[in-house]
Amino acid sequence: MSLAEKTRPAEKPRATPGTRDREPRITDEHGRRIRVWELALRYLLLLGVLALTIGPFLWQLSTSLKGPTEDIFSSPPKFLPSDPTLHNYERVADTIPVWDYALNSLKVAAANVVTNCVGAALAGYALARLRYRGRRVATLVFILTMLVPVEGIIIAQFTTMRELGLNNTLVGVLLPGCVSALNVLLMRNAFLNLPYEIEEAAFVDGANVWQRFCRIALPAVKGTLAVVAIFAFMGAWDDFLWPLIVLSDPSRFTLTIGLNYLHGTFANDERLVAAGTIIAVAPLIVLFACLQRYFFRGVGEGAVKG
């Protein structure tokens, strides 16, 4: 073959007579073709779910920004406020000590995140990696714990807190949920997905159990730890029934209990309630925004990078 033939650009294959260039097809992740009406139906369902989930929050946000002269019960309803104002948020702070309540909730939620991440990681690693008698029974106990409703054991919890002298304290609010059975099982499944060969190699190199846990297993399950942190924070921040039972001093109320004072006996100010709701939801949005990159990594936990 000559040099000219080697450097000659490759010619495109000619189309056979009677054939036309095919239009690009819409396919799913498995390469199956999706019809146009199926794609449109999927987007309609997604928009419907989005409206059901995000719609109430956006409506509360809109109501919290409406002034006292604007009708919030107009027909048809007006979504965008004509004269947005932040005066309703100032009124919330004037009505109740909302920032003190938020600080109490933040203390409980932050402590709940720490205790759940540490306790669930340790328990999950023990259930997944350590070999001891009764490991399957312990896993079954955690599963059965999830089947017991909170309302069925809340009297026993209250009696226990009273005997320990933790009534009317934030520690009493924190203690019953400091380690959740669901979080323990999530961490157990994450550790089970890790290849045993990695820890065996570390064991051959002389690493003990704590070193294998801290340096190998725990860094590989950051996504599941983010999920546990979000679930623990949401559970402690949104909890209403247990703090209502165990707390009696108004200075130690959490935010969910304090916002209950925004509801009047004979009338409610919907703008005030909406502003308080936004104040309560905002930290959850910030937390998820900070941890979302690790949250969505939880699906691929345990993968070995080459």
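Bear in mind that the values here come from a model prediction, so they are computed numbers and not experimental data.

Rules used in this analysis
- Residues numbered from 1 in each chain as written.
- Predicted model: local features only at pLDDT ≥ 70, side-chain atom pairs only at ≥ 80, totals over all residues.
- Heavy atoms only, no water.
- Core = buried A, V, L, I, M, F, W, Y, C linked by side-chain atoms within 4.5 Å.
- Buried < 20%, exposed > 50% of the residue type's maximum accessible area, 1.4 Å probe, protein only.
- Helix = DSSP H or I, 4+ residues; strand = E, 2+ residues; numbered from the N terminus.
- UniProt positions renumbered as here; feature names shortened; annotations may be inferred.
- 1 Å grid on protein atoms, 1.4 Å probe; cavity = no way out; pocket = protein on both sides within 12 Å on 5 of 7 lines; lining within 4 Å.
- Points joined across faces, edges and corners; volume = space filled by probe spheres on them.

Brief notes about the nonpolar core
Of all hydrophobic cores here, the largest spans 53 residues; its most connected members are Val92, Met187, Phe191 and Leu255. The dominant element in this core, judged by the number of residues it contributes, is helix 4 (residues 98-128), at 12 residues.

A closer look at the UniProt feature "transmembrane region" (unreviewed entry) in the protein
The positions that UniProt labels "transmembrane region" (unreviewed entry) are, in the present scheme, residues 40-59, 108-128, 140-159, 165-186, 216-237 and 272-291. Along residues 216-237 one finds 82% helix and 0% strand; the C-alpha atoms at either end are 32 Å apart. Measuring from the first to the last C-alpha atom of residues 272-291 gives 30 Å, for a span that is 100% helix and 0% strand.

A look at the layout of surface pockets
In this structure, the largest pocket occupies an estimated 850 Å³ of space. Around the largest pocket sit 28 residues that line it, and Val150, Gln157, Pro176, Gly177 and Ser180 are the ones nearest its centre. Secondary-structure elements contributing two or more residues to the lining of the largest pocket are helix 4, helix 5 (135-146), helix 6 (150-163), helix 7 (170-174), helix 8 (181-192), helix 11 (222-238) and helix 12 (241-246). Take the lining of the largest pocket: its biggest share by element is five residues, from helix 6. By volume, the second largest pocket amounts to about 270 Å³. Contributing to the lining of the second largest pocket are Thr53, Ile54, Phe57, Ile230, Phe231, Met234, Val281, Leu284, Ile285, Phe288 and Phe295.

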